[in-house]
Amino acid sequence: MATFLYKLGRLAFRRRGLTALLWVLILGGVGVAASSAPAPPADTFSMPGTESQKAFDLLQEKFPAAGADGASARVVVRAPKGEKISGPERKAAVSGLVSNLTKAPEVVAVTDPFTAGAISKDGTTAYTVVTYKIAATALTDKEHDGLTQALDEARDTGLTVEAGGDAIKVEAELGGAEGIGILISAVVLLITFGSMIAAGMPLLTALIGVGVGLSGILALGSTFGLSATTSTLAMMIGLAVGIDYALFIISRYRSEIAEGRAPQEAAGRAVGTAGSAVVFAGLTVIIALAGLAVVNIPMLTKMGMAAAGTVAVAVLIAITLVPALLGFAPVKVLRRIDRKAVTGKPLSARQRRKAAKAAARQKPNLGTRWARYVLRHPVSVLLVGVVGLGAIALPAASLELGLPGEGTMAPETTQRKAYDMLSESFGPGFNGPLTITVSAKDASAAAGSAGQALVKVKGVDSVSPATANTANDTAILNLVPTTGPTDHDTEELVRSIRESMGGIETGSGANEILVTGQTAMFIDFSKTLDDALVPYLALVVGLAFLLLVLVFRSILVPLKAALGFLLSVSAALGAVVAVFQWGWLADLFGVKATGPVISTMPIFMIGVVFGLAMDYEVFLVSRMREAYAHGEKPGEAVVTGFRYGGRVVSAAAVIMISVFSGFITESNDLIKMIGFALASAVLFDAFVVRMAIVPALFALLGKSAWWLPRWLDRLLPNVDVEGAKLESRGTAEDKVAQAVQRAKEPYYTNNRW
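A quick note: this is a predicted structure, and the numbers were derived from the prediction, not measured. (Residues numbered from 1 in each chain as written. Predicted model: local features only at pLDDT ≥ 70, side-chain atom pairs only at ≥ 80, totals over all residues. Heavy atoms only, no water.)

Chemist: Sorry, what's going on with the overall build of the protein here?
Modeler: When helices and strands are tallied, the protein shows 28 helices and 11 strands. The proportion of buried residues among the 753 residues of the protein is 52%. (Helix = DSSP H or I, 4+ residues; strand = E, 2+ residues; numbered from the N terminus. Buried < 20%, exposed > 50% of the residue type's maximum accessible area, 1.4 Å probe, protein only.)

Chemist: Please explain unusual backbone geometry as it appears in this structure.
Modeler: Leave glycine aside and you will find that most residues have negative phi; peptide bonds, for their part, are mostly trans. Even without a glycine there, the phi angle at Glu106 is positive, about 70 degrees. Its location among the elements puts Glu106 in the loop between helix 4 (88-103) and strand 2 (107-110). Looking at Glu106, the relative accessible area reads 30%, which means it is partly exposed.

Chemist: So what exactly am I meant to see when it comes to the packing of aromatic side chains here?
Modeler: The description of an aromatic ring pair rests on the distance of the ring centres and on the angle between the ring planes. Overall, the coordinates contain 10 aromatic pairs when judged by the stated rule. Taken together, the ring pairs in this structure connect Tyr127, Phe426 and Phe430 into an aromatic cluster. Above the plane of the ring of Phe13 lies Arg16, whose end atom (NZ or CZ) is 5.3 Å from the centre. (Phe/Tyr/Trp six-rings, centres within 6.5 Å; stacked < 30°, edge-to-face > 60°. Lys NZ or Arg CZ within 6 Å of the ring centre and 35° of its normal.)

Chemist: It is not clear to me how the environment of Phe676 should be interpreted in this structure. Could you clarify?
Modeler: Considering the arrangement of structural elements, one finds Phe676 in helix 25 (residues 669-701). When its relative accessible area of 7% is taken as the criterion, Phe676 is described as buried. As for Phe676 and Ile657, which are separated by 19 residues in sequence, their C-alpha atoms are 9.2 Å apart. Excluding residues within four positions of it along the chain, Phe676 makes contact with Ala575, Val576, Val579, Phe580, Phe589 and Ile664. (Contact = heavy atoms within 4.5 Å.)

Chemist: Explanation requested: the confidence of the model for the protein in the structure shown.
Modeler: Predicted coordinates in regions of low pLDDT should not be interpreted in detail. Per-residue confidence for the protein averages 82 on the pLDDT scale, and 87% of its residues sit at or above 70. When pLDDT is averaged over each element of the protein, helix 16 (residues 378-393) comes out on top at 95 and helix 28 (residues 745-748) at the bottom at 37. Counting interchain partners and residues more than four positions distant, the pLDDT-below-50 stretch residues 335-347 has 40 contacts. (pLDDT = per-residue confidence, 0-100.)

Chemist: In this structure, what is going on with the pattern of salt bridges? I would like to understand it.
Modeler: When the charged atoms of two side chains lie near each other, side chains of opposite charge can form a pair. Within this structure, the stated rule accounts for 22 salt bridges. The salt bridge partner of Glu256 is Arg261, with a shortest N-O separation of 2.6 Å. Note on Glu256: relative accessible area 3%, which makes it buried. A residue is classified by how much of its surface remains accessible, and Arg261, at 11% relative accessible area, is buried. If you follow the salt bridges from partner to partner, you end up with Lys560, Glu617, Asp685 and Arg690 in one network. (Salt bridge = Lys/Arg side-chain N within 4 Å of Asp/Glu carboxyl O.)

Chemist: What am I meant to see in a nonpolar patch on the surface here?
Modeler: Taken together, the side chains of Leu18, Leu21, Leu22, Val24 and Leu25 make up a nonpolar region of the molecular surface, amounting to roughly 490 Å² of accessible area. Position of Leu18 among the secondary structure elements: in helix 2 (residues 16-36). Residue class for Leu18 comes out exposed when judged on its relative accessible area of 51%. (Patch = residues over 30% accessible without salt bridge, like charges linked within 9 Å, V, L, I, M, F, W, Y side chains within 5 Å. Areas by Shrake-Rupley, 256 points an atom, 1.4 Å probe, with all protein chains shown as cover.)

Chemist: Before we go on, may I ask you to explain helix 18 (residues 443-454) in this structure?
Modeler: Each turn of an α-helix holds 3.6 residues, which means side chains three or four residues apart point in the same direction. Here helix 18 spans 16 Å end to end across 12 residues, near enough to the 16 Å set by a 1.5 Å rise per residue. Where helix 18 is concerned, the buried positions are Ala443, Ala446, Ala447, Ala450, Gly451 and Leu454. Down the axis of helix 18, the buried side of the element spans an arc of 140 degrees, and every buried residue falls inside it. In this fold, the buried residues of helix 18 make contact with strand 6 (434-439), strand 7 (460-463), strand 9 (474-481), helix 19 (488-499), helix 20 (501-508) and strand 10 (512-516). (Expected span 1.5 Å × (residues − 1). Arc of directions from axis to C-beta.)

Chemist: Mind showing me how you'd approach the nonpolar core here?
Modeler: A general trend in soluble globular proteins is that nonpolar side chains are found buried together. By size, the foremost hydrophobic cluster in this structure holds 154 residues, and its most contacted members are Tyr245, Ile249, Phe565, Met605, Leu612, Tyr616 and Phe698. In this structure, Met605 is in contact with Val569, Ala572, Leu573, Phe610, Ala677, Leu678 and Ala681, ignoring residues within four places of it in sequence. (Core = buried A, V, L, I, M, F, W, Y, C linked by side-chain atoms within 4.5 Å.)

Chemist: Where do I start with the packing of helix 8 (residues 196-219) against helix 12 (residues 298-328) in this structure?
Modeler: For any two helices packed against each other, the geometry comes down to the angle between their axes and how far apart the axes lie. It is at 9 Å that the axes of helix 8 and helix 12 come closest, and there the two elements cross at 140 degrees. It follows that helix 8 is oblique to helix 12 by the angle criterion. The element helix 8 and its partner helix 12 pack so that their crossing is right-handed. Taken together, the residues of helix 12 that come into contact with helix 8 (itself represented by Met201, Leu204, Thr205, Ile208, Gly209, Val210, Val212, Gly213 and Ile217) are Ala306, Thr310, Val313, Ile317, Leu321, Val322, Leu325 and Leu326. Along the lines of polarity and charge, the residues of the contact of helix 8 with helix 12 split into 13 nonpolar, four polar and no charged. (Axes fitted to C-alpha atoms, helices over the stretch in contact; angles between N-to-C directions. Parallel < 35°, antiparallel > 145°, perpendicular 65-115°, else oblique. Left-handed = near helix turned anticlockwise from the far one by under 90°. Nonpolar A, V, L, I, M, F, W, Y, C, P; charged D, E, K, R; others polar.)

Chemist: Just checking my understanding: could you explain the sheet that holds strand 1 (residues 72-78) for this structure?
Modeler: Strand pairing in a sheet is mediated by backbone hydrogen bonds. Such pairs are either parallel or antiparallel. The four strands lie next to each other as 2-3-1-4, forming an open sheet whose pairing is antiparallel. Of all the strands in the sheet, the pair left with one neighbour each is strand 2 and strand 4 (160-164). When the angles between neighbouring strand axes are averaged without regard to direction, this sheet yields 25 degrees. Bridge count between strand 2 and strand 3 (residues 125-132): three bridges; the pairing is antiparallel. For Val110, the partnering residue across the bridge sits in strand 3 and is Val130. (Pairing = 2+ DSSP bridges.)

Chemist: Would you take a moment to explain helix 21 (residues 518-552) for this structure?
Modeler: In this model helix 21 runs 48 Å from its N-terminal to its C-terminal C-alpha over 35 residues, within 8% of the 51 Å that 1.5 Å per residue would give. At Leu533, helix 21 is deflected by roughly 35 degrees, the largest bend along its length, and proline Pro535 occurs up to four residues later in sequence. (Bend = angle between axes of the 7 residues up to and from the residue.)

Chemist: Even after reading the chapter, I still don't get the side chain of Glu162, so can you show me in this structure?
Modeler: Here Glu162 lies in strand 4. Taking relative accessible area as the criterion, Glu162 reaches 11% and is therefore assigned buried. Reaching out from Glu162, the side chain makes a polar contact with the side chain of Thr414 at a distance of 2.6 Å. Contacts of Glu162, omitting those with residues within four sequence positions, involve Arg74, Val75, Val76, Arg155, Thr414, Lys417, Ala418 and Met421. (Polar contact = N/O pair within 3.5 Å; in protein donor to acceptor, adjacent residues only side chain to side chain.)

Chemist: Looking at this model, I keep getting lost on the side chain of Glu143. Mind explaining?
Modeler: Tracing the backbone through its elements, the reader meets Glu143 in helix 6 (residues 141-155). Reaching out from Glu143, the side chain makes a polar contact with the side chain of Thr140 at a distance of 2.5 Å. Glu143 has contacts with Pro105, Glu106 and Tyr132, leaving out every residue within four places of it along the chain.

Chemist: For this particular structure, what's the right way to read the environment of Ala267?
Modeler: Summarising the element assignment, Ala267 is placed in helix 11 (residues 263-290). Taking the relative accessible area as the measure of exposure, Ala267 reaches 1% and is therefore buried. Along the primary structure Ala267 and Arg252 are separated by 15 residues, whereas in three dimensions their C-alpha atoms are 8.5 Å apart. With residues up to four places along the chain from it excluded, the contact list for Ala267 reads Gly9, Phe13 and Tyr253.

Chemist: What should I look at first to understand the packing of helix 10 (residues 231-258) against helix 24 (residues 634-661) in this one?
Modeler: Running from N to C, helix 10 and helix 24 point in directions that differ by 160 degrees, and their axes come no closer than 10 Å. By the criterion of interaxial angle, the relationship of helix 10 to helix 24 is roughly antiparallel. Helix 24 is crossed by helix 10, and the crossing has right-handed handedness. Contacts between helix 10 and helix 24 pair Met236, Ala240, Ile243, Asp244, Leu247, Phe248, Ser251 and Ser255 from the former with Tyr644, Val648, Ala651, Ala652, Ile655, Met656 and Phe660 from the latter. Looking at the contact of helix 10 with helix 24, its residues break down into 12 nonpolar, two polar and one charged.

Chemist: Just to check I follow, could you spell out the environment of Gly429 for this structure?
Modeler: The residue Gly429 is located in the loop between helix 17 (414-426) and strand 6 in this model. Taking relative accessible area as the criterion, Gly429 reaches 0% and is therefore assigned buried. In this structure the C-alpha to C-alpha distance between Gly429 and Thr483, which are 54 residues apart in sequence, comes to 4.7 Å. Sequence-distant contacts of Gly429, defined by excluding residues within four places in its chain, comprise Val480, Pro481, Thr482, Thr483 and Gly484.

See the structure below:
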């Protein structure tokens, strides 16, 4: 592996113009394909194998009109305090609202609350349902403005008017979070490299990689059913790993130059060593993302595969385009290195004396000092790290999963106000009705009997009369629970109804009775993700463990890498539960409403953070492995790994934390939760697990850390990530440069990276 990548790096450096041109052509070609491709399909949601999906498919077949994808809005009106909505003046105002809504663009139907019986028991509140011809994604400002104008005119009459549903325009919540993250990334890279060119390279190559990946997703969208939201995860993880991978290779290139190698040779060795780490780190990320397929939810599978493809592009760019760009600026990307020294011209006696004095005053860098401290106090560092993360992880035992809805929106939004008004006036279960499908020869009769049985079930508030299709082989019942859609009791009610369906089917003469509806689908979705979490972890961690055994030729190193990752993810989940579910420090982070953690959060966090964690693990430990393979003692190898890799890994982690933390400032609690979870996980994994627990374990294990059974050593292919086979390589130009380097050793020992 190292030899192949060494040759590839030298080739890309030597043929830098051609390499850069090829990537420009690829970006342009994929961009043209994306612009000429058909529009991506609308977002679809399905959960094969669940009862909710089975019932939904049945409704699509038996009630095709009900399956129309037109947008809808539920407008809630309330009379002023002390008045009734049925009073003459208020009734006239509601009728005017219904009339205005009927005239709004693209509206096909508006229910009259007085004829539909949509009046609360206390007579103060009513609601009307507005149905549109077109889907919510097709609504334009014209339709949204028409709805808003009708609501405002009704408010002018003294009514309290709010609205929910997918026809309501949701204001874009994303502000400057992405820009803030990129700006901070640029600053961190500039501090790390001390050069505008070197700092700009990781950002440039990452943006090119994301551009190719996202354009590819758009180009293939109609072919593979990739909706516009499929690219969300791809953009996030593509930027993250793209910056990291370029950062790793550029940093190694600078180290090779500092050791006296010619630029082309330095590029080859950087790609052969750090590039090998990038390839295997990329493989672990791809495994984590592709592993989302085990959840068996097509939407997540497509998102994972699209993101995995973007990561593959990032790896290819890192091992080809990055060395090519280094070839355009082989000296300017360096810091504190005299250009005469790099070109081989001798230093004057005065320069050598000055460099020697500076070298005598030079202190080891922070990574070296920290590694030596951990080696002196391994037990203390290990205990503090493990106990600290364990304490933070404790709240994760109370983790409750759910999906976002109008009830979790910010209190000041009209959707949340409409939701609360309906809950207060019609009961908490009104916002989350269940749809019961009944299949039978005489569906009307069977559904009537089933409804009589269901209304007696504990937790059921009411059951509507049955509605049968034309063939009378399928009927629908609407069941309203006594509890809200996100309430744990509602989940128990759905489970209880499904468990008792056998007896209800027998008593009613129905062939099959199924429970569906948005609330039931959310419950099934959460359960599906919950059930898939352990298999997903086992698959991802297991395959990554095997891959790391191959890379590091050790059993204990991959084992502690996997266990450390689980510890950091548990701590991040604990922090999320404490802040967003329990409300600890909610005011500090601007959390407006607490509730269940988003069901997709654990899966996404595992996929994204596992990839980044293995990046840091592979790059940091591969440098230790390289030093150990070249004859250093275990403790010395740890110091060497931190001397050259500590600063780079820290910079990469700070960049990712900054990018993710930017989303904590957003007003949407869901976006805030995602940013907080990812930033916390990277913080714990990079600075506690990789920077403290890992070196402490190496100090305690010593040579045992690199133990591998002989029989397994013979079976495993030697991928040579540490670049041992590169020691004998080097051109005549490189040997001359190294000879010059040895003559100027005092100067070069003054360099800090």
